[in-house]
Amino acid sequence: MSFDVKIGQQVRIYPGISDAHLSTMTWREYHESTKHSVESLRRAPHVLDWVNMPDPFRHYEGVPVLDLPADPPSPETPVLEVLHGVAGATPIRDGPTFLSQLLFYSAAISASKRVPSTGYQYALRVNPSSGNLHPTEFHFLTKGLKEWPDGLYHYRPSAHMAEQRALGGLEMKWAGSPAPVVFVLTSIAWREAWKYGDRAYRYCLHDIGHAWQALALSARAIGCNSFAFGQFPDDEVAQLYRLHEDEWPMLILELRGSSIPMREPNACETVWYDGRPNQLSKEITANPSIDRIFNATKLSSPECCTEPAPAGAGEIKLPSPASSTRSFGEVARMRRSALDFLGGTRSMSLTQLSAILAATSQPFCADFAGARFIQLFLYVHRVDGLEPGVYRLWPERSELEQIKSGDQRVAAAGLSLGQDLAGNACVAFSMIGDLERAVRAYGDRGYRYVHFEAGAIGHRMYLAAEALGLGATGIGAFYDEAVHRYLNLAPEHGQVVYHFAVGHPVPDFRLSA
Ligand SMILES: Cc1cc2nc3c(=O)[nH]c(=O)nc-3n(C[C@H](O)[C@H](O)[C@H](O)COP(=O)(O)O)c2cc1C
């Protein structure tokens, strides 16, 4: 049985799913059913429906659109310092410039690529995204910003503009007094599901982790603090922001600080413009597994006691991290995913590796970050002073524990679904998520937080690698159970949730800044 639901011009095709089934999938069932194996890939060969490819840009049509000033000042604080918690101090005169700067260095278009065979040109952004499909949308509320009307906005990256969805004093208060700027990051799962099918929910969550850090670090580089909330009632937030039903609220980020240019508050009535969301594809094929896991990870129980992350030690003490003077502004806009890395003999230094690992170990400011859920395993190929092998990072002690020795290039590439870049990198990573501990603390909602944390760690690695003259790539595709077997991980030790690679990138001639 199947039925269709009309949403504006769009047709959603539901192949035999009713609401009754929506709550029946647990995080475990979803995770198990979306594991890659040689068998699963053979069973489900994927052909892309190019005609139906979703538009990576959402517009709310029919609303006032406010310009964000072009070329906002570049945050000059070195990015490695920002990653280590140092706040920048860019003097900003007014609200529009503040918002422009914040978004230009976190979510804007920063480059483009041209496909040589077809001439097709597409945009790349400051925040990375699996398949460059960009499921994440940025909505924000403002209150009391100088020379900027209070209201609810949606960021339009294609034009670096803000769509005004409501004017006036909407309030969202999460902790103490209301913040002057509150972001809600949403996911449009269809954008990812179009290419990646059921596994796409994982990538939406990683992308939120990347977008979160892109925004939080941009805010810090401008001189303000941010705090992320993952614990909120999804339906209420979706209603308050009048989100289109294909957009799911995932993360709320409050920004505060004396660098936000403020004016005297004024009271005014709320006027809703709403806007008509643009049609992303001619036809949207619904994905019951993703609907179910989204439903399962909606907040059901408040946090209970979070158990601390396991502690351990290794025999290799990491040296003082390498330094870099490259500014946040320059690095954030230059960051790119390497298509592949130069293999051969070119190595990276242990101090560079130390700097990248130190960036990942800095605390996160979020209501789900009381304890870390991700542990890093490294496949070391070419790091000066470190013999090739597999290592586990113990971040509290800045130590590496060697758990395998020997050349790992074939293993790292093979485990990453045969992607050469994981073998050609200087170092590749498996991020092992303690899903069981997260779920004990937060219920099925914890499934989101583990993936947010993985994406957030990945984002810090991207920026640290770029600062040091290296390149990086997030890798969402890996053979799950093969990784567990290779690393000798029992289920209670955690499960692989993300791969990553760092090295010397091959030049990409399709790229223009
Ligand atoms: C969660 C995630 C998973 C990704 N997985 C892969 C992957 O498996 N293989 C790959 O080559 N690139 C992967 N990428 C890199 C994206 O393809 C890249 O971010 C996108 O094309 C945009 O390019 P940019 O990062 O240079 O902006 C991934 C990126 C993210 C954020």
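First, a word on what this report is: a plain description of the structure on this page. Predicted, not measured: the structure shown is a model, and the values here were computed from it.

Parameters and conventions
Residues numbered from 1 in each chain as written. Predicted model: local features only at pLDDT ≥ 70, side-chain atom pairs only at ≥ 80, totals over all residues. Heavy atoms only, no water. Pairing = 2+ DSSP bridges. Helix = DSSP H or I, 4+ residues; strand = E, 2+ residues; numbered from the N terminus. Contact = heavy atoms within 4.5 Å. Axes fitted to C-alpha atoms, helices over the stretch in contact; angles between N-to-C directions. Expected span 1.5 Å × (residues − 1). Near = heavy atom within 4 Å. Polar contact = N/O pair within 3.5 Å; in protein donor to acceptor, adjacent residues only side chain to side chain. Nonpolar A, V, L, I, M, F, W, Y, C, P; charged D, E, K, R; others polar. Buried < 20%, exposed > 50% of the residue type's maximum accessible area, 1.4 Å probe, protein only. Salt bridge = Lys/Arg side-chain N within 4 Å of Asp/Glu carboxyl O. Left-handed = near helix turned anticlockwise from the far one by under 90°.

This part is about the sheet that holds strand E19 (residues 399-405). One open sheet holds the seven strands; their spatial order is E16-E19-E18-E17-E20-E22-E21, and the pairing between them is antiparallel. In the strand order of this sheet, the two ends are held by strand E16 (316-317) and strand E21 (471-475), each with one partner. Note: strand E18 (residues 389-394) against E19, six bridges, orientation antiparallel. Paired with Val390 across the two strands is Lys404, which belongs to E19. On the sheet, helix H11 (residues 350-361) packs against strand E17 (374-380), E18, E19, strand E20 (427-433) and strand E22 (495-503) and is oriented at approximately 165° with respect to E17. With respect to the sheet, helix H15 (residues 446-467) is in contact with E17, E20, E21 and E22, its orientation differing from that of E22 by roughly 5°.

A few words now on helix H7 (residues 200-222). Every α-helical turn comprises 3.6 residues, leaving residues that sit three or four positions apart pointing alike. In this model, H7 (23 residues) spans 33 Å end to end at C-alpha, consistent with the 33 Å of a helix rising 1.5 Å per residue. Backbone geometry just downstream of H7 places Gly223 in the positive-phi region, at approximately 110°.

On to the site of the ligand, then. Of all residues adjacent to the ligand, which total 20 residues, the nearest are Arg335, Arg336, Ser337, Gln419 and Gly474. In this structure, Ser337 approaches the ligand through a side-chain N or O atom, which is 2.5 Å from an oxygen atom. Gly474 is positioned with one of its backbone polar atoms (N or O) 3.0 Å from a nitrogen atom of the ligand. Of all the elements in the fold, those that place two or more residues in the shell around the ligand are strand E6 (121-125), H7 and E21. Residues of the shell around the ligand, tallied by class, amount to five nonpolar, eleven polar and four charged.

The residue Ser398 is not glycine, and still its phi comes out positive at about 50°. Inspection of the secondary structure assignment puts Ser398 in the loop between E18 and E19. Of note in this structure, Leu417 is not a glycine but carries a positive phi near 60°. Overall, the relative accessible area of 25% leaves Leu417 in the partly exposed class.

Strand order in the open sheet made by the three strands is E6-E5-E23, with antiparallel pairing throughout. Whereas interior strands pair on both sides, the edge strands pair on one side only; in this sheet they are E6 and strand E23 (511-512). Here strand E5 (residues 109-114) pairs with E23 via two bridges, running antiparallel. Looking across to E23, one finds that Ser112 is bridged to Ser512.

This paragraph deals with the pattern of salt bridges. Under the criterion given, the structure shown has 27 salt bridges. With its nearest N and O atoms 2.6 Å apart, the salt bridge here joins Asp234 to Arg445. Of this pair, Asp234 sits in helix H8 (residues 234-240) while Arg445 sits in the loop between helix H14 (435-442) and H15, placing them 211 residues apart in sequence. For Arg445, a relative accessible area of 1% corresponds to the buried category. The partner of Arg326 in a salt bridge is Glu466, and the shortest N-O contact between them spans 3.7 Å. Residue Arg326 is located in the loop between E16 and helix H10 (328-334), and its partner Glu466 is located in helix H15; the two are separated by 140 residues in the primary sequence. A residue is classified by how much of its surface remains accessible, and Glu466, at 12% relative accessible area, is buried.

As a packed pair, H11 and H15 sit with axes 9 Å apart at the nearest point and diverge in direction by 145°. Handedness of the crossing formed by H11 with H15: right-handed. In contact with Ile356, Ala359 and Thr360 of H11, H15 contributes Ile457, Arg460, Met461, Ala464 and Ala465. Considering only residue class, the contact of H11 with H15 consists of six nonpolar, one polar and one charged.

As paired elements, E5 and E6 share five bridges and run antiparallel to each other. Bridge assignment links Arg114 to a residue of E6, and that residue is Gln121. Once E5 ends, the chain turns through six residues before running back antiparallel as E6, passing Gly119 with a positive phi of about 80°.

For E16 and E19, the ladder comprises two bridges, and the chain directions are antiparallel. Of the residues in E19, the one forming a bridge with Lys317 is Glu399.

Attention now goes to the environment of Glu39. Note on placement: Glu39 falls in helix H3 (residues 38-43). Among the residues examined, Glu39 registers a relative accessible area of 36% and is labelled partly exposed. Considering only alpha carbons, one finds Glu39 and Ala211, 172 residues apart in sequence, at a separation of 33 Å. Engagement of the side chain of Glu39 in a polar contact is seen with the side chain of Arg42, the distance being 2.4 Å.

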